[in-house]
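Structure at a glance
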Amino acid sequence: MPNPVDFMAPGFSSISRDFPGFLLDRPSKPASPLAKGLAIIFLVAGYSLFCWLAFSKSIENWESVYEFRITFWNGWINTIGISAAALGLSLLIGIITALARRSPFLPLRYSAAAYVETVRGLPLVVLVLFGFYGVANAVGWQDRLGVGITILSLFSGAYIAEMIRAGIESVSRSQWDSARAIGLGSFQTYRFVIFPQVTRQILPPLAGQFSSIIKDSSLLYIIGIPELTFAANQVNSATYSTFESFVPLGICYLALTLPVSLWTKWIERRMRYET
Amino acid sequence: MNISLDGVVKAFGGQRVLDSVNWQACFEHTLALVGPSGGGKSTLMRLLAGLDTPDEGRVLIDGLELPRDENALRAYRCGTGIVFQSFNLFPHLSALENIILPLVHVHGVERVRAREIASSHLERFRLEGQGHKQPALLSGGQRQRVAIARALAHNPKILLLDEPTSALDPEMTSEVLDLIGELRDAGQWIILVTHEMGFARHTADLVAFVDKGGILESAPASEFFASPVKVETRRFLEKILKY
């Protein structure tokens, strides 16, 4: 067997290995299940030990927090309700805005563009404060929950509009031509040809956006909507148990966002095989 | 079949792709448009297909002027079948559903009947057993045959084919050209843009040479290839038939 080094250019062996090989190199073959399992067990044990050593002294007040479990539960249900409502509403806003941005009627097109650019250029907190204390107050709309869902939907709708617009634009010219050639009208073209293809394309980012809505709904606590973060904050104020209030808070959000994230990955994998 | 172009102008961004074209043609079944790329073939095809309207002038087919209004034009398109170079089929629908869609939603055929028609067309084009597949799972030649099946399922008067084999390898090309030849022999009216000169010579009744924004020459196929009149035509044929 010739030594592989014999085939290398002279001086090659003097080139040093890239420094952080464990960071920059790509794995040459998939890791064995045993290695994966051992790594996971080791890491879980290690991080748990670290957390125990660091925080065990400050976590001893589970009983008083447990008494507020109904508050947590109600907050969690509200968060789910708000997120679901905002997803539906922002999807509707997104579709209408995306279509408006392609409209031949200029005032409609410009309004949609101004809405998208403004909202995407502002932090959500600013929108929440301005929307609630500014606009909603001025028009006398006092229903916090309604205002909160509307603001969240308007915020998320701008991002969804851009996803849908990109999705529509990615459908090739020849698909529009084919649809016209077989005699479909505009509405039929969108319904039977464009939207089915757009849906397949934007499902992964849309699922990601749903996860964002769940997380962003936490900001509604600043206008006093009793969602999950608001609930945890309340429990913290009542019991002076910061860790015991906020650890369940984090777990409750992860219980919602992790399944969505896994679902997104599943959709992405399925799409890859189908196209 | 009669086609007449009456002072037809079509410009894109200031460039007159068709520049005051006046032309009358009468042919039995098949018209082939040939010529160099960018010469205006596809633009002319899109006008004949009712996908675009001329900026000036009129297009008449069998004495009827093509309308300018999109709704009336759409009604005209319903009486034609069009196949483009590629990406004709809707990728999210199976071959069968691709054929069924226009039958049901444009021509008002009942779904059960539409399925029968679609199946019989797939069978006719030797695609039995492929109906359930999505376009991505079909070969290029099969895809074009499904596209032709879709274009013919509602028995259109005219079948328009815009370079139907340009995106195919030679084997698939002959597979599709065979099919087009069969349709012609069955009496289907066909207008086709093609680079396959041998095929045009065999199949077309009339060949028109499109270049420089107009129809420079048109003649019955045998005559067109045997003794082209214009210098441009001769040069084009020399170049394309060199290898």
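Residues numbered from 1 in each chain as written. Chains lettered and ligands numbered in written order. Predicted model: local features only at pLDDT ≥ 70, side-chain atom pairs only at ≥ 80, totals over all residues. Heavy atoms only, no water.

1. Some details on the interface of chain A and chain B
Contact with chain A, which involves 18 residues of that partner, is made by 23 residues of chain B. Between chain A and chain B, a total of about 1,800 Å² is buried, with carbon and sulfur atoms accounting for 54% of that surface. Counting every contact that joins chain A to chain B gives two salt bridges. Applying the counting rule to chain A against chain B returns 12 residue pairs in polar contact (both at pLDDT 80 or more). Those elements giving two or more residues to the side of chain A that touches chain B turn out to be α8 (173–181) and α9 (186–216) of chain A. Here the side of chain A that touches chain B gets seven residues from one element, more than from any other, and that element is α8(A). Across the side of chain A that touches chain B, the residue classes break down as seven nonpolar, seven polar and four charged. (Contact = heavy atoms within 4.5 Å. Buried area = accessible area lost by both parts, 1.4 Å probe. Salt bridge = Lys/Arg side-chain N within 4 Å of Asp/Glu carboxyl O. Polar contact = N/O pair within 3.5 Å; in protein donor to acceptor, adjacent residues only side chain to side chain. Helix = DSSP H or I, 4+ residues; strand = E, 2+ residues; numbered from the N terminus. Nonpolar A, V, L, I, M, F, W, Y, C, P; charged D, E, K, R; others polar.)

2. Some points on the sheet that holds strand β9 (residues 206–211) of chain B
All names here are of chain B. If you trace the six strands from one edge of the open sheet to the other, you get β6-β7-β8-β3-β9-β10, paired in mixed fashion. Strands at the two margins of the open sheet, each flanked by one partner only, are β6 (80–83) and β10 (214–220). Adjacent strand axes in the sheet meet at a mean angle of 15° when their direction is disregarded. Relative to strand β8 (residues 189–193), strand β3 (residues 30–34) runs parallel, the two sharing four bridges. Within β8, the residue paired with A32 across the bridge is L192. In this fold helix α9 (residues 231–241) packs onto β3, β9 and β10, with an angle of close to 100° to the strand it touches most, β9. (Pairing = 2+ DSSP bridges. Axes fitted to C-alpha atoms, helices over the stretch in contact; angles between N-to-C directions.)

3. Remarks on the side chain of S83(A)
By secondary structure assignment, the location of S83(A) is in helix α4 (residues 69–100). Setting aside its immediate chain neighbours within four residues, S83(A) contacts F210(A), I213(A), I214(A) and S217(A).

4. As for the domain arrangement of chain B
All names here are of chain B. Along its sequence, chain B is carved into domain 1 (2–79 + 157–241) and domain 2 (89–156). The C-alpha-based centres of domain 1 and domain 2 are spaced at 25 Å. Domain 1 puts 16 residues into the contact, and the matching count from domain 2 is 17 residues. Across the domain 1/domain 2 interface, buried area totals approximately 1,300 Å², and carbon plus sulfur atoms make up 67% of it. When the buried area of domain 1 at its contact with domain 2 is split by residue, C78, E175 and L179 rank highest and sum to 34% of it. Two residues, R126 and E182, come together in a salt bridge whose shortest N-O distance is 3.7 Å. (Domains from an automatic or database assignment.)

5. Looking at the environment of R145(B)
All names here are of chain B. Turning to its location among the elements, R145 is positioned in helix α5 (residues 140–152). R145 sits in the buried class, given a relative accessible area of 9%. As a C-alpha pair, R145 and R111 span 34 residues in sequence and 22 Å in three-dimensional space. For R145, the contacting residues outside a window of four places in its chain are F125, R126, L127, E175 and L179. (Buried < 20%, exposed > 50% of the residue type's maximum accessible area, 1.4 Å probe, protein only.)

6. As for the pairing of β9(B)
All names here are of chain B. Most of β9 sits inside the fold, with six of its six residues counted as buried. In terms of strand pairing, β3 meets β9 through four bridges, oriented parallel. In the strand pairing of β9, L33 is matched with A208. Counting the residues that bridge the hairpin from β9 to β10 gives two residues, and of these K212 lies at a positive phi of roughly 55°.

7. Examining α9(B)
Residue and element names in this part refer to chain B. Of all the positions in α9, only T233, F236 and L237 are classed as buried. The buried residues of α9 all sit within an arc of 95° when viewed along its axis, so they share a single face. Those residues of α9 that are exposed and aimed more than 90 degrees away from the buried face are R235, E238 and K239. Looking at the packing, one finds that the buried side of α9 touches β3, α7 (197–203), β9, β10 and α8 (221–226). (Arc of directions from axis to C-beta.)

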